[in-house]
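Chain and residue survey
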Amino acid sequence: MNDLDTLVKAAQADFAAARQGAALEDAKARFLGKSGRVTELLKGLGALAPEQKKARGAEINQAKAAIEAALQARREQLAEAELELQLQAEALDVTLPGRGRGVGGLHPVSRTIERIEAIFASMGFDVAEGPEIETDWMSFTALNNPENHPARSMQDTFYVDVKDAQGRWLCLRPHTSPMQVRYAQAHAKANAAAHTTPEIRVIAPGRVYRVDSDATHSPMFHQIEGLWLGANVSFKDLKVVFASLVRAFFETDDFDVRFRPSFFPFTEPSAEIDIRFGSGPLAGRWLEVAGSGQVHPQVVRNFGLDPEQQIGFAFGIGADRFAMLRYGIDDLRLMFDGDLRFLSQFR
Ligand code: DAH
């Protein structure tokens, strides 16, 4: 083995011993660098005779090429090893179960309200929404419920310790009935401007609040207010509208509707609306589902309308009640606990 073979072997051994790029580059400098061993050999050629120079030069260059090849091969090895390490470190376990994507759905109360809206829309009713923080004037006074009258305690609500710009106290609305006033007032104004008196036919769904909480009462629940006023609208129309609602909503003809005399300050006469199914799991029991009545003349005046010209009825449906009856839910609290085991059944 000549000195050049020994040199190549030494370089190969040094490169193989280098475990990282930096060590390899150091080893390279020792052989191929400015004062490396190969460079020194090439410098030494100058001292040789021309004949020898050529032969020796060719040998050194061969050795140099072999060393460069060894360097390149080791560089590639190290790079591959590094990549391998990195891949291992960043390995993904594709067999792990995924997080899954939640599939949402409408709450049973939202579904119920949407259904009822569609049924009323098919009977020519507009759908209106209004504020949940309401003046106590709209909530009570405009609805013929004078201040300090004991009937206010039927709907004791949460008061807000703030007055509006007109100095009226604010409260969380205890029913959707103030929407009768808001909607009818807006219509009365628009109609007066247009010199027309079209009928008012509207429902107003939304959240309402009471100081009340047990298995059948929640401090927040949902109502759907209804109002139909015209020149000649009567209880007969209310009965037709309500029976049509029940028929379409529960998809049955096998039921009775009953008006049970009651009292509300904003209607005269007033009635609770009960329904009784002739078949199915609820058959035979009277179920109270709404309050209703003929709109009181004073309330029609508060709308800004003439009770001699406009007559009609109003009603307030318990939307949660409708949802519970339709889906066979027996505890109102289930509706508002947010428990996915319950809610996911409605996806
Ligand atoms: N606002 C009443 C309540 O919450 C329900 C009601 C009764 C609404 C009679 C009406 C009505 O529009 O005419 O108990």
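Quick notes on the rules
- Every chain's residues receive numbers from 1 upward, in the order its sequence appears when written.
- Under the rules for a predicted model, residues below a pLDDT of 70 receive no local features and side-chain atom pairs below 80 are neither given nor counted, while totals for whole chains, interfaces and linings still include all residues.
- Processing note: side-chain calculations cover all non-hydrogen atoms of the structure and skip hydrogens and water entirely.
- The term nonpolar core refers to a set of buried residues drawn from Ala, Val, Leu, Ile, Met, Phe, Trp, Tyr and Cys, joined through side-chain atoms within 4.5 Å.
- Exposure classes here rest on a 1.4 Å probe applied to the protein chains alone. A residue is buried below 20% of its type maximum, exposed above 50%, and partly exposed in between.
- For helices the rule is a DSSP run of H or I covering at least 4 residues; for strands it is a run of E covering at least 2, with both sets numbered from the N terminus onward.
- Throughout, a contact is declared for two residues whenever any of their heavy atoms are within 4.5 Å.
- Lining residues are those with an atom within 4 Å of a point, where the points come from a 1 Å grid over the protein atoms alone and group into cavities, where a 1.4 Å probe fits but cannot get out, or pockets, open sets with protein on both sides within 12 Å along at least five of seven lines.
- Grid points are joined across faces, edges and corners, and a volume is the space filled by probe spheres set on the points.
- Throughout, the ten residues Ala, Val, Leu, Ile, Met, Phe, Trp, Tyr, Cys and Pro are labelled nonpolar, Asp, Glu, Lys and Arg are labelled charged, and all others, Gly among them, are labelled polar.
- Given the number of residues in a helix, its expected span is that number minus one, multiplied by 1.5 Å.
- Whenever Lys or Arg places a side-chain nitrogen within 4 Å of a carboxyl oxygen from Asp or Glu, that contact is recorded as a salt bridge.
- As annotated, the domain borders come from an automatic or database domain assignment.
- Structural elements are reduced to axes, namely lines fitted to C-alpha atoms, with helices fitted over the stretch in contact, and the angle between N-to-C directions of any two is expressed from 0 to 180 degrees.
- The labels follow the angle: roughly parallel below 35 degrees, roughly antiparallel above 145, roughly perpendicular from 65 to 115, and oblique for the rest.
- Handedness of a helix crossing follows the sense of rotation of the near helix relative to the far helix, less than a right angle counterclockwise being left-handed and clockwise being right-handed.
- Paired strands are those between which DSSP finds at least two bridges.
- Only rings of Phe, Tyr and Trp enter the pairing, Trp through its six-membered ring, and a pair is recorded when the two centres are within 6.5 Å. The plane angle decides the type: under 30 degrees is stacked, over 60 is edge-to-face, the rest tilted.

1. Concerning the nonpolar core
Ranked by internal contacts, the top residues of the largest apolar core, which has 40 residues, are Phe-120, Phe-242, Leu-245, Ile-275, Ile-317 and Phe-322. Among the elements of the structure, helix 5 (108-122), strand 6 (220-230), helix 8 (235-250), strand 7 (255-264), strand 8 (267-277), strand 9 (287-295), strand 10 (311-318) and helix 10 (319-327) are those that each provide at least two residues to this core. Element by element, the count of residues in this core is highest for helix 8, at 8 residues. Aside from chain neighbours lying at most four places away, what touches Ile-317 is Phe-120, His-222, Gln-223, Ile-224, Phe-242, Leu-245, Val-289, Ala-290 and Phe-322.

2. Topic: empty space enclosed by the protein
Scanning all chains against the criterion turns up 1 cavity of 30 Å³ or more. Of the volumes computed, that of the largest cavity is approximately 40 Å³. Around the largest cavity, the lining residues are Ala-128, Met-179, Gln-180, Tyr-183, Val-202, Ile-203, Ala-204, Glu-225, Gly-226 and Leu-227. The set of elements that each furnish at least two residues to the lining of the largest cavity consists of helix 7 (178-194), strand 5 (200-209) and strand 6. Classifying every residue of the lining of the largest cavity gives 7 nonpolar, 2 polar and 1 charged.

3. Looking at helix 8
The terminal C-alpha atoms of helix 8 lie 22 Å apart, and with 16 residues this matches the ideal 22 Å at 1.5 Å per residue to within 8%. Residues Asp-237, Leu-238, Val-241, Phe-242, Ala-243, Leu-245, Val-246, Phe-249 and Phe-250 constitute the buried set of helix 8. Downstream of helix 8 by one or two residues, Glu-251 has phi in the positive range, about 55°.

4. Things to note about the pattern of salt bridges
Per the stated rule, a full pass over the model turns up 17 salt bridges. Asp-274 serves as the salt-bridge partner of Arg-260, at 2.7 Å between the closest nitrogen and oxygen. Of the two residues, Arg-260 is situated in strand 7 and Asp-274 in strand 8; the sequence distance between them amounts to 14 residues. When its relative accessible area of 30% is taken as the criterion, Arg-260 is described as partly exposed. The class of Asp-274 is buried, set by a relative accessible area of 2%.

5. Quick word on the domain arrangement of the chain
Here the domain parsing of the chain yields domain 1 (3-89) and domain 2 (108-346). Taken over C-alpha atoms, the centre of domain 1 sits 92 Å from the centre of domain 2.

6. Notes on the layout of surface pockets
Over the atoms a probe the size of a water molecule is rolled, and this reveals where empty space is left. A volume near 1,000 Å³ is recorded for the largest pocket. For the largest pocket, the lining is made up of 43 residues, of which Phe-221, Glu-288, Val-289, Gly-318 and Arg-321 are closest to its centre. Looking at the lining of the largest pocket, the elements that each hand over two or more residues are strand 6, strand 8, strand 9, strand 10 and helix 10. Looking at which element gives the most residues to the lining of the largest pocket, the answer is strand 9, with 7 residues. In this model, the second largest pocket occupies a volume close to 330 Å³. As for the second largest pocket, its lining consists of 16 residues, and the residues nearest its centre are Ser-110, Ile-113, Gly-206, Arg-207 and His-222. Among the elements of the structure, helix 5, strand 5 and strand 6 are those that each provide at least two residues to the lining of the second largest pocket. In terms of residue count, the dominant contributor to the lining of the second largest pocket is helix 5 (5 residues). In terms of residue class, the lining of the second largest pocket is built from 5 nonpolar, 5 polar and 6 charged.

7. With respect to the packing of helix 8 against helix 10
Direction vectors running N to C along helix 8 and helix 10 enclose 40°, while the axes themselves pass 11 Å from each other. In terms of axis orientation, helix 8 runs oblique to helix 10. In this structure, helix 8 meets helix 10 at a crossing whose hand is right-handed. When helix 8 is examined against helix 10, the residues Phe-242, Leu-245, Phe-249 and Phe-250 are found in contact with a partner set consisting of Phe-322, Leu-325 and Arg-326. Tallied by class, residues from the contact of helix 8 with helix 10 come to 6 nonpolar, no polar and 1 charged.

8. Brief notes about the sheet that holds strand 4 (residues 169-172)
Read across the sheet, 3 strands follow the order 2-4-3 without closing on themselves; strand pairing throughout is antiparallel. The open sheet has two edge strands, strand 2 (133-135) and strand 3 (159-163), and neither has a second partner. On average, adjacent strands in this sheet sit at an angle of 35° to one another, irrespective of strand direction. Of the pairings in the sheet, the one linking strand 2 to strand 4 comprises 3 bridges and is antiparallel in character. Among the inter-strand pairings, Glu-134 is bridged to a residue of strand 4, identified as Cys-171.

9. Things to note about the packing of aromatic side chains
Counted by the stated rule, this structure contains 15 aromatic pairs. Taken together, a centroid distance of 5.7 Å and an interplanar angle of 70° make the contact between Trp-228 and Phe-313 edge-to-face. Linking Trp-228 in strand 6 with Phe-313 in strand 10, this pair joins segments that are 85 residues apart in sequence. Judged on exposure class, the residue Trp-228 and its partner Phe-313 are both buried.

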